[in-house]
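# Structural overview
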Amino acid sequence: MTVDTEPQEPESTAMRFEVVSSALKESTAAAARVGRLALPGRRPIDTPNFIAVTSRGTLPHVTPDNISKHLQVSGAYFSLEDFVEKSQQNLSRPPPIFSAPTSTNHPTPLYSFTGTPSHITTILAARRLPAVPSPIGNSTKSISVFTNTGFQNLSTTDYLSAASTLEPDITIPLADLTNNSPPGTSPTSKRALRMAERTDEWIADWFSSPLSTSTSTFAPVLPIPYPIQWEYLSRLAEDYIPSSQLSGLAVHDPDIIPDLATHQPSLLSLPLLSLSNPSNPHLILRHIALGTDLFALPLINAVSDAGLALNFTFPAPPSPGAPPLPLAVDLSLPSFSTSVTPLSESCTCYACKSHHKSYIHHLLQAREMLGWTLLQIHNHATMSAFFGGIQRSIKDATFEDERLSFSRAYDSEMPAGVGERPRMRGYQYKSQGGEENAGKKKNKPAWQKELAVEDDKVEVPGTDGGRELQEKGVGEVVKGSGR
């Protein structure tokens, strides 16, 4: 990568992306490629690579100091709905993050409030990944976001104002997505056309307003066929790339990349961030083969919560004729209660060097948070090594052969994991109601009935909590008390 010897102010605040190597000669072809994404003041990101997905402003189970010590994470995905409680129109009390004090180590409110290490690139979107389905849907001027106090409307103007205040390194503008559709279904052609038209209008509003020069924009590419959104994509290529307003693309379905290479090749000169939420490394490899540069991976958090330790490498180990290897091991299984081997023999992360399977099995059985912390450290390290191997194979022109070998060496899906997960939060499960969900709790009670002796029951008020204690057999509602 060339470096200018003379200081140039405009470039010092601008994001730069360079394709270093590609499986095909054309850098704008739909093929696996190695690149480098550089933002001022941040650690450069060699691509293909992944970014961590945060929850409530932090990487689940891992504190910022341990992120710096033990994780090779270069970027973090944040959602605005994690920080707001009410509609952003006519706010009487702005969210605390908007007034967070800044410092040299935490130069913006987003860094200051979340404690994110300063070398990590921050990416701000409106919704979590994956987003909780909204029963309300979007309007012509706003989308529905899931806040601490329920679903609220968020307009482009309000979101732009929030992004200007928080100053993330990269912002993804609003997109009209059908988050309330059943998994695996596509919107109707009429709904898809409305998605493209609304997103086109919102992008025009976005770029018509000033945004901090230190914040780059990754425009959303919708998960609908190219012919339906061709006009929107043409405008991105013809209007916003020449004006240097557009810095990258946030792709919701990487299968559209070959269409972009055919009809809008200039868009492939930009870094492509996948928001498709792949469920296994085989899908990641397939999307890299199409030309994806970055991935936001909720998969890692989900695997850690399930008590699974990732156990794959790229290139895959030679195993001719052997049955497929598991992509992860379930450390909650009793068979690991006496295993004093590392989580993975080839891994050099802190968890593998300092602890063994039996200890983490014990932590998971005791529901100690340290168990999930160590799994997060190991799983992020495994994914970092996975992407490092991919980068080397693309440079060596062996990626396609290694991808085929990987598909033969490992199972096609992750194991489910039979252990008990951490306690779920409201934004981690579906928001739909209905009789099938009525009265069902997502988390097991922190306490259970220990004694069944009648005299051990205590008098409790007739409130919801009191009636629950009575149902458990450890309390007796006092008549006339409560509501």
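Bear in mind the structure is a predicted one, so any value in this text is a computation, not a measurement.

Turning next to the overall build of the protein. Per the secondary structure count, the protein includes 14 helices and 17 strands. Burial statistics for the protein: of 483 residues in total, 48% are counted as buried. Within the protein, counting contacts between residues at least 6 apart in sequence, those at least 24 apart form 66% of the total. Roughly 23,100 Å² of accessible area belongs to the protein as shown, and the carbon and sulfur atoms make up 51% of that amount.

This brings us to the sheet that holds strand β13 (residues 294–296). The pairing of strands in a sheet comes from backbone hydrogen bonds and takes either a parallel or an antiparallel form. With parallel pairing, the 8 strands of this closed barrel are ordered in space as β4-β5-β6-β9-β10-β11-β12-β13. Bridge count between strand β10 (residues 216–221) and strand β11 (residues 248–251): 4 bridges; the pairing is parallel. Note that in β11 the partner of A219 across the bridge is L249. Together, β4 (49–53) and β13 form the strand contacts of helix α12 (residues 369–395), whose direction differs from that of β4 by roughly 160°.

Further remarks concern the UniProt feature "binding site: Zn(2+)" (unreviewed entry) in the protein. Within the UniProt annotation, "binding site: Zn(2+)" (unreviewed entry) is assigned to C347, C349, C352 and H378. Spanning 32 residues, the named residues form one tight spatial group whose C-alpha atoms are at most 8.0 Å apart. Secondary-structure assignment places C352 in helix α10 (residues 350–354). If we skip the residues at most four places from it in the chain, C352 touches P342, L343, S344, C347 and H378. Tracing the sequence through the fold places H378 in helix α12. Residue classification places H378 among the buried positions, given a relative accessible area of 0%. Dropping the residues within four chain positions of it, H378 is found in contact with A309, L310, L343, S344, C347, C349, A351 and C352.

Attention now goes to the nonpolar core. By size, the foremost hydrophobic cluster in this structure holds 64 residues, and its most contacted members are L233, L236, L246, L249, L267 and L331. At 6 residues, helix α6 (residues 226–240) tops the list of elements feeding residues into this core. When sequence neighbours within four positions are dropped, the list of residues in contact with L267 reads L233, L236, A237, I241, L246, L249, L260 and L272.

Once that is clear, we can look at the pairing of strand β8 (residues 150–155). When strand β7 (residues 142–147) meets β8, the two strands line up antiparallel, connected through 6 bridges. Paired with I143 across the bridge in β8 is L154. Hairpin connection of β7 to β8: 2 residues between the antiparallel strands.

Let us look at the sheet that holds strand β3 (residues 45–47). Pairing is antiparallel in the open sheet, where 3 strands are placed in the order β1-β2-β3. Unpaired on one side and paired on the other, β1 (16–22) and β3 mark the two borders of the sheet. Taking the axes of each pair of neighbouring strands and ignoring which way they run, one obtains an average angle of 20° across the sheet. Bridging between strand β2 (residues 33–38) and β3 involves 3 bridges; their strand directions are antiparallel. Paired with R36 across the two strands is D46, which belongs to β3. Strands in contact with α12 are β1, β2 and β3; relative to β2, the strand with the most contacts, it is inclined by about 120°.

On to the packing of helix α8 (residues 281–290) against α12. Two elements in contact, α8 and α12, have axes whose closest approach is 12 Å; the angle formed by their N-to-C orientations is 35°. Every pair of crossing elements has a handedness; the one defined by α8 and α12 is right-handed. Contacts from P281, I284, L285 and I288 in α8 reach M383, F386, F387, I390 and I394 in α12. Grouping the constituent residues of the contact of α8 with α12 by class yields 9 nonpolar, no polar and no charged.

Let us now look at the packing of α12 against helix α13 (residues 399–409). Relative orientation and spacing of two packed helices are given, respectively, by the angle between their axes and the distance between those axes. The contact between α12 and α13 brings their axes to 8 Å, and the two run at 140°. In terms of axis orientation, α12 runs oblique to α13. When α12 is examined against α13, the residues F386, I390, S393 and I394 are found in contact with a partner set consisting of F399, E402 and F406. Here the contact of α12 with α13 is built from residues that sort into 5 nonpolar, 1 polar and 1 charged.

Quick notes on the rules
- Residues numbered from 1 in each chain as written.
- Predicted model: local features only at pLDDT ≥ 70, side-chain atom pairs only at ≥ 80, totals over all residues.
- Heavy atoms only, no water.
- Helix = DSSP H or I, 4+ residues; strand = E, 2+ residues; numbered from the N terminus.
- Buried < 20%, exposed > 50% of the residue type's maximum accessible area, 1.4 Å probe, protein only.
- Contact = heavy atoms within 4.5 Å.
- Areas by Shrake-Rupley, 256 points an atom, 1.4 Å probe, with all protein chains shown as cover.
- Pairing = 2+ DSSP bridges.
- Axes fitted to C-alpha atoms, helices over the stretch in contact; angles between N-to-C directions.
- UniProt positions renumbered as here; feature names shortened; annotations may be inferred.
- Core = buried A, V, L, I, M, F, W, Y, C linked by side-chain atoms within 4.5 Å.
- Left-handed = near helix turned anticlockwise from the far one by under 90°.
- Nonpolar A, V, L, I, M, F, W, Y, C, P; charged D, E, K, R; others polar.
- Parallel < 35°, antiparallel > 145°, perpendicular 65-115°, else oblique.

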